[in-house]
Amino acid sequence: PRFTGPRTFMRLPHVQTTEEVDVAVVGIPIDDAVSFRSGARFGPEAIRSASVLLRPYNPALKVDVSERLSMVDYGDAPSVPGYHEETLARIQVFLEPLHKAGVTPLCIGGDHSMALGELRAAAKVHGPLALVHLDAHSDVWDSYFGIRYFHGTVFRRAAEEGLIDPGRSVQAGLRGTLYGADDEREPARLGFEALTWEQLKDIPPDEYGERVRARVADSPAFLSFDVDFVDPAFAPGTGTPEVGGPTSGQAMSYLRALTGIDFQGFDCVEVCPPLDPSGTTAYLAANACFEMLSLKALGKRTL
């Protein structure tokens, strides 16, 4: 029965090995960098629990992830509560061996600042990555409260450090109130292509996928999915919800459209279980992760 046994992602074996492994699921239980509602440190646990309902075959993309991929649940990256920059350094150290071994990490979290540690590890091996980013927020503010490392500054820091190539990157789903008109222009000023939800909702998923593929081209890429991309009616358990967004079904369609891209890392972030006792948000996140696995499986050559 699915409700028995230890909680690993999709009931995968909990093994810290890189031998003959294609994808390693890694929990990153942190929320020291949130600016509003905390609790995302419990996200990995909730996503793992929700994922036991997942089955291996994706009927929308016509792929069986277990046939194409060797997968493990690699456990959780180390963190130091209260010392965020040290945590980011430890995340990087934890993930670098996976990239060096040719294993693609799928990280579940955890607040969005964790992506900086992920990208530092990935860029050490692959060089600057194209960012494919689905989120209600661009996360390119310069600072919060005079501090440079928050979940709303992560992709500005990543661009400044040369971890991502904004000219190859696409952000989509942006919405909500801002501090001023300059906030709306900032992603483009940094070189990102940024689509608001008002723009994205008028683009069919297939057209969105073509647009992303054209911009990413043959660059190695990183897919980051913030659950607040989805309207809080479908994902209430997140720290900074923004109303007026896509349904969970629409979100899955935009993810499925991202075939044919060389993804070298994935994450699903900002799941905050204390704010959603029903577990709806965790089920959304688990299924978003399954779509990411499906994208990787479709790119896996079979003999």
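Note: the structure precedes this text.
Residues numbered from 1 in each chain as written. Predicted model: local features only at pLDDT ≥ 70, side-chain atom pairs only at ≥ 80, totals over all residues. Heavy atoms only, no water.

1. Some details on the overall build of the protein chain
Next up, step 1: A count of helical and extended segments in the protein chain gives ten helices and ten strands.
Next up, step 2: By the compact-globule yardstick of 19 Å for 303 residues, the protein chain fits well, its C-alpha radius of gyration being 17 Å.
Next up, step 3: Taking as baseline every contact in the protein chain between residues at least 6 positions apart, the subset at least 24 positions apart corresponds to 79%.
Next up, step 4: A total of about 12500 Å² of accessible surface is found on the protein chain, and carbon and sulfur atoms cover 51% of it.
Next up, step 5: Computing the positive centroid from 28 side-chain charges and the negative centroid from 41, the protein chain places the two 4 Å apart. (Helix = DSSP H or I, 4+ residues; strand = E, 2+ residues; numbered from the N terminus. Rg over C-alpha atoms; globule rule 2.2 N^0.38 Å. Contact = heavy atoms within 4.5 Å. Areas by Shrake-Rupley, 256 points an atom, 1.4 Å probe, with all protein chains shown as cover. Lys, Arg positive; Asp, Glu negative; His and termini not counted. Charge placed at Lys NZ, Arg CZ, Asp CG, Glu CD.)

2. With respect to the side chain of Asp135
Next up, step 1: In this structure, Asp135 sits in the loop between β6 (130-134) and α5 (154-160).
Next up, step 2: Salt bridges are absent for the buried Asp135, whose nearest opposite-charge side chain, Arg175, sits at 7.1 Å.
Next up, step 3: If near-sequence neighbours (up to four positions away) are discounted, Asp135 is found in contact with His112, Ala172, Gly173, Leu174, Asp226, Asp228 and Phe229. (Buried < 20%, exposed > 50% of the residue type's maximum accessible area, 1.4 Å probe, protein only. Salt bridge = Lys/Arg side-chain N within 4 Å of Asp/Glu carboxyl O.)

3. Description of unusual backbone geometry
Next up, step 1: The phi dihedral of Met10 is positive, around 55°, even though this residue is not glycine.
Next up, step 2: One non-glycine residue, Arg11, lies in the positive phi region at around 60°.

4. Digging into helix α6 (residues 181-190)
Next up, step 1: Buried within α6 we find Asp183, Glu186 and Pro187. Burial along α6 is one-sided: seen end-on, the buried residues are contained in an arc of 85°. When the buried face of α6 is taken as reference, the exposed residues oriented beyond 90 degrees from it are Asp182, Glu184, Arg185, Ala188 and Arg189.
Next up, step 2: Against the buried residues of α6 lie α5, β7 (170-174) and β8 (193-196). (Arc of directions from axis to C-beta.)

5. A short note on the side chain of Arg48
Next up, step 1: For Arg48, the position within the fold is in helix α1 (residues 43-51).
Next up, step 2: Residue Arg48 is classed as buried on the basis of its relative accessible area of 8%.
Next up, step 3: Only 3.3 Å separates the side chain of Arg48 from the backbone oxygen of Gly75, close enough to count as a polar contact.
Next up, step 4: Within the structure, Arg48 has its side chain in polar contact with the side chain of Asp76 (distance 2.9 Å).
Next up, step 5: Setting aside anything within four residues of it in sequence, one finds Arg48 in contact with Arg7, Thr8, Phe9, Val25, Val26, Gly27, Asp73, Gly75, Asp76 and Ile108. (Polar contact = N/O pair within 3.5 Å; in protein donor to acceptor, adjacent residues only side chain to side chain.)

6. Some details on the nonpolar core
Next up, step 1: The biggest cluster of nonpolar side chains holds 57 residues, and the ones touching the most others in it are Phe9, Tyr208, Leu223, Phe225, Leu258 and Phe263.
Next up, step 2: If you tally residues by element for this core, the top one is helix α10 (residues 280-298), at eleven residues.
Next up, step 3: Filtering out sequence-adjacent residues up to four positions away, Phe263 remains in contact with Thr104, Val132, Ala221, Phe222, Leu223, Leu258, Leu295 and Lys296.
Next up, step 4: Counting residues in each nonpolar core, the second largest holds 33 residues, with Cys107, Ala115, Ala121 and Val154 among its members. (Core = buried A, V, L, I, M, F, W, Y, C linked by side-chain atoms within 4.5 Å.)

7. Brief notes about helix α3 (residues 84-100)
Next up, step 1: Along its 17 residues, α3 runs 25 Å from first to last C-alpha, staying within 8% of the 24 Å computed at 1.5 Å per residue.
Next up, step 2: Roughly 25° is the biggest bend found in α3, and it falls at Phe94, with proline Pro97 one to four residues downstream.
Next up, step 3: Of the positions making up α3, those classed as buried are His84, Thr87, Leu88, Ile91, Gln92, Phe94, Leu95, Glu96, Leu98 and His99.
Next up, step 4: Gly102 sits one or two positions beyond α3 and adopts a positive phi of about 80°. (Expected span 1.5 Å × (residues − 1). Bend = angle between axes of the 7 residues up to and from the residue.)

8. Re the packing of aromatic side chains
Next up, step 1: Applying the stated criterion across every chain, the model contains eight aromatic pairs.
Next up, step 2: Centre to centre, the rings of Tyr74 and Phe94 are 5.5 Å apart; their planes meet at 65°, and the pair counts as edge-to-face. Placement of Tyr74 in strand β4 (residues 71-76) and of Phe94 in helix α3 is noted, with a sequence separation of 20 residues between them. With respect to burial, Tyr74 and Phe94 carry one shared label: buried.
Next up, step 3: Measuring from centroid to centroid gives 6.3 Å for Trp197 and Tyr254, while their planes differ by 85°, and the two rings are edge-to-face. Of the two residues, Trp197 sits in helix α7 (residues 197-200) while Tyr254 sits in helix α9 (residues 248-256), which places them 57 residues apart along the sequence. The exposure classification of Trp197 matches that of Tyr254, with both residues buried. (Phe/Tyr/Trp six-rings, centres within 6.5 Å; stacked < 30°, edge-to-face > 60°.)

9. Brief notes about the pairing of β4
Next up, step 1: Extensive coverage of β4 is indicated by the burial of five of its six residues.
Next up, step 2: Sheet topology note: the strand β1 (residues 23-28)/β4 ladder contains five bridges and is parallel. Considered in β4, the bridge of Val26 is made with Gly75. (Pairing = 2+ DSSP bridges.)

10. Quick word on the pattern of salt bridges
Here the idea is simple: oppositely charged side chains can pair when their charged atoms come close.
Next up, step 1: Counted by the stated rule, this structure contains 18 salt bridges.
Next up, step 2: Linking Glu198 and Lys201 is a salt bridge whose minimum nitrogen-to-oxygen distance equals 3.1 Å.
Next up, step 3: We classify Glu198 as partly exposed; its relative accessible area is 49%.
Next up, step 4: Here Lys201 falls in the partly exposed class, since its relative accessible area comes to 41%.

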